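# Reading the structure
Spelled out, the chains give:
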Amino acid sequence: MTTPRHIVIVGGGTAGWMAANLFVRRWQADAVKVTLLESPTIGTIGVGEGSTPTLKRFFELIGVDDADWMPHCAATYKVGIRFDGWSPASGRASYRHPFFSQPDSFTTNDFLTNCRTRRLGLDVNTQPDDFFLNGQLARQHRAPLTPENFPFDVDYGYHFDALLLGRFLAELGTSRGVRHIATRVTDVHITDGTIDAVTTVDAGRIDGDFFVDCTGFAGLLIQKSLGVPFKSFKNNLFNDAAVALPGPANDELPCETVSVAMSAGWCWHIPLTSRFGNGYVYSSDFIDADAAETELRRLVGDLDGCFDARHLKMRVGQLDRHWDNNCLAVGLAQGFIEPLEATALLLVQVSVELFMDAWEQAGFAADGRKAFNATITDRFERVRDYIVAHYKLNTRSDSEYWVAARDNNALSDSLRHMFDVWYRREDLSVEIQRQQLKSHFDTRSWHCLLAGYGTFPALAENQPNRGDLFVDKGVENFLAGCALNFESHAATLRAQPQRGLASMA
């Protein structure tokens, strides 16, 4: 058997409908039946409303253009993330982690070389957003869409309303053959560790030969029914709660997520066409929910309570096994790493795609499951390392939270080696290759993080006053010239045609 005959997805939301659409798109010729059961009383959590460029590839895989879905989901383009106030000792108010594009091939080596030069104590420019095209686009609020006269690929992600995206993907999935049943699961039938069926309130018993758990933190199938353990990341990722607060739309319409350091965590600012999304991700060990809400309202200027806040609890960690017998966990059911780098949907997509690859190669075979679980576990761990580094490298001293995060030495061996190579002025690219790291974060991302935080030794006393490739190579003029090819973000979205499902028929 090369594909499962009947896949039953329990739970909807963005994760469930992403999985459903990937299944029907890839296995449509194999007569695979996909049924999605979604409780009408459980809403989408939607802690984050941003993505990495992997979501762009998701829509390409399922044959959906930007104009087919973005206007329906209040979506905007995202060219990267700006971090405000995470490292005061760097002397910079902020730094950017831009998404990378084809024109950056002309400037990446200049950035990496300057970082190496600065690690030797010489005073050169190492501001990440000065070296990458999307850094320029973010500053100028320009959309990352290339005109025909600029034949280069530019990568980007999106901001979106998570509830609206879930609804769009549901309509798309059902139009392509997914059977959607609005009902609640009341019982799970298991024989020798294999799920045979689920019983629902409105549709009775539903049998399947493979089940996907998209029930969020509840983990109804894989944790509560199959008993797969959950491994917490609490020892080095402290944040376990969030409070979300909408705000009015911004006419300038930025094209980046902004992450602002707060007293016990950080705040996101995400631009949508309909509103601004704001939220405070924090540790309940260092601040209570009421104080966090007040701090967030003060930051966004809503102490009068014009907008209603929504409080959320987060369980940060991952399952011991993401695929157990005939059940795959996806989304919050499989694990969650806080939304600092917007990796939640990235991990959903990677998990589903790699599962389909593994199934086509080995089906139910234990070796296929074992290899898949090892791969996904490692992906979670490496993303975790990158997020942990944000906290470990912070230079704030204004609260116990930031001091505790910096003093925390619960680091993986992989992350310790990355830090060691950096401080010894060796090549991170070689270390990434040595560790055979397969992660979303490559050497450019690590350099953006380490340089953005100003993780450098003191400047040498004697400076040659030369050797700055940013100046010598004319990087600023090159990127400024490239940016002239791009239109404003707001104007681009206003001109975007509003298509829909009919255009994808």
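Here goes a summary of the coordinates provided. Residue numbering note: each chain is counted from 1, following its sequence as written. In keeping with the model being predicted, local features are shown solely for residues with a pLDDT of at least 70 and side-chain atom pairs are shown and tallied solely at 80 or more, while totals for entire chains, interfaces and linings include all residues. With hydrogens and water set aside, each side-chain value is computed from the structure's full complement of heavy atoms.

The antiparallel open sheet is built from three strands, whose spatial order is β12-β18-β21. With partners counted over all chains shown, the strands left at the sheet margins are β12 (230–232) and β21 (335–336), one partner each. Pairing between two strands requires that DSSP report at least two bridges joining them. Strands here are runs of E lasting at least two residues and helices are runs of H or I lasting at least four, both read from the DSSP assignment and numbered beginning at the N terminus. One ladder, built from two bridges, connects strand β18 (residues 317–319) with β21; its direction is antiparallel. The partner of glycine 317 across the bridge, within β21, is phenylalanine 336.

Closest axis-to-axis distance for the helix α9 (residues 344–362)/helix α10 (residues 366–392) pair is 10 Å, and the angle between their directions is 160°. Relative to α10, the element α9 lies roughly antiparallel. Between α9 and α10 lies a crossing of right-handed hand. Where α9 abuts α10, its residues Leu347, Val350, Ser351, Leu354, Phe355, Ala358 and Ala362 lie against Gly368, Phe372, Thr375, Ile376, Arg379, Phe380 and Val383. Throughout, the ten residues Ala, Val, Leu, Ile, Met, Phe, Trp, Tyr, Cys and Pro are labelled nonpolar, Asp, Glu, Lys and Arg are labelled charged, and all others, Gly among them, are labelled polar. Across the contact of α9 with α10, the residue classes break down as ten nonpolar, three polar and one charged. For helices, the fitted line uses only the C-alpha atoms of the stretch in contact; every axis is such a line through C-alpha atoms, and the angle between N-to-C directions lies from 0 to 180 degrees. Under this scheme an angle from 65 to 115 degrees is roughly perpendicular, one under 35 degrees roughly parallel, and one over 145 degrees roughly antiparallel; angles in between are oblique. Each crossing gets its hand from how the near helix is turned against the far one by less than a right angle, where anticlockwise is left-handed and clockwise is right-handed. It only takes one pair of heavy atoms within 4.5 Å for two residues to be counted as in contact.

Below, the discussion takes up the packing of aromatic side chains. Stacked, tilted and edge-to-face are the three classes applied to pairs of Phe, Tyr and Trp rings, where Trp contributes its six-membered ring and a pair requires centres within 6.5 Å; stacked means planes under 30 degrees apart, edge-to-face means over 60, and tilted covers the rest. For the structure shown, the criterion picks out 42 aromatic pairs. Aromatic side chains phenylalanine 106 and phenylalanine 152 sit 6.4 Å apart centroid to centroid with 80° between the ring planes, which places their arrangement in the edge-to-face category. With phenylalanine 106 in the loop between β5 (94–98) and α4 (108–119) and phenylalanine 152 in the loop between α5 (133–140) and β6 (157–159), the pair connects residues that are 46 residues apart, well separated along the chain. Here's how the labels work: a residue is buried when its accessible area is under 20% of the maximum for its type, exposed when over 50%, partly exposed in between, all with a 1.4 Å probe on protein chains only. Overall, phenylalanine 152 belongs to the partly exposed group, its relative accessible area being 27%. Consider the rings of phenylalanine 111 and phenylalanine 131, whose centres lie 5.2 Å apart with planes at 45°: the pair is tilted. On the criterion of sequence distance, the pair formed by phenylalanine 111 in helix α4 and phenylalanine 131 in the loop between α4 and α5 is long-range, its members being 20 residues apart. Among the aromatic residues, those joined into a ring-pair cluster are Phe83, Trp86, Tyr95, Phe238, Phe286, Tyr391, Tyr401, Trp402 and Tyr453.

A word on the nonpolar core. Grouped burial of nonpolar side chains is what soluble globular proteins tend to show. Buried Ala, Val, Leu, Ile, Met, Phe, Trp, Tyr and Cys residues form a nonpolar core when they are joined through side-chain atoms within 4.5 Å. Ranked by size, the top nonpolar core spans 134 residues in total, and within it Ile9, Phe23, Phe59, Trp69, Phe355, Tyr391 and Trp446 carry the most contacts. With ten residues, α9 is the largest single contributor of residues to this core. In this view, phenylalanine 23 contacts Ile7, Ile9, Gln28, Val34, Val212, Val352, Phe355 and Met356; residues no more than four positions away in its chain are not counted. Counting 18 residues, the second largest nonpolar core, distinct from the first, contains Leu37, Ile222, Leu226 and Leu319.

Right, let's talk about the sheet that holds strand β15 (residues 265–271) for a bit. Spatial ordering of the open sheet is given by β5-β4-β14-β15-β16-β13-β17, a layout of seven strands whose pairing is mixed. Each of the sheet's edge strands pairs with one partner strand only, and the pair in question is β5 and β17 (310–313). Each neighbouring strand pair of the sheet contributes to a mean axis angle of 20°, computed without reference to strand direction. The pairing of strand β4 (residues 80–84) with strand β14 (residues 257–262) spans four bridges and is parallel. Following the sheet pairing, phenylalanine 83 is matched in β14 by serine 259.

Most of strand β16 (residues 276–282) is tucked away, with seven of its seven residues classed as buried. Residues Phe276, Asn278, Tyr280 and Tyr282 line one face of β16 and the alternating positions Gly277, Gly279 and Val281 line the opposite face, and both faces are buried. As paired elements, strand β13 (residues 241–247) and β16 share seven bridges and run antiparallel to each other. Following the sheet pairing, alanine 242 is matched in β16 by valine 281. The pairing of β15 with β16 spans seven bridges and is classified as antiparallel. Following the sheet pairing, tryptophan 266 is matched in β16 by valine 281. Connecting β15 to the next strand, β16, in antiparallel fashion are four residues.

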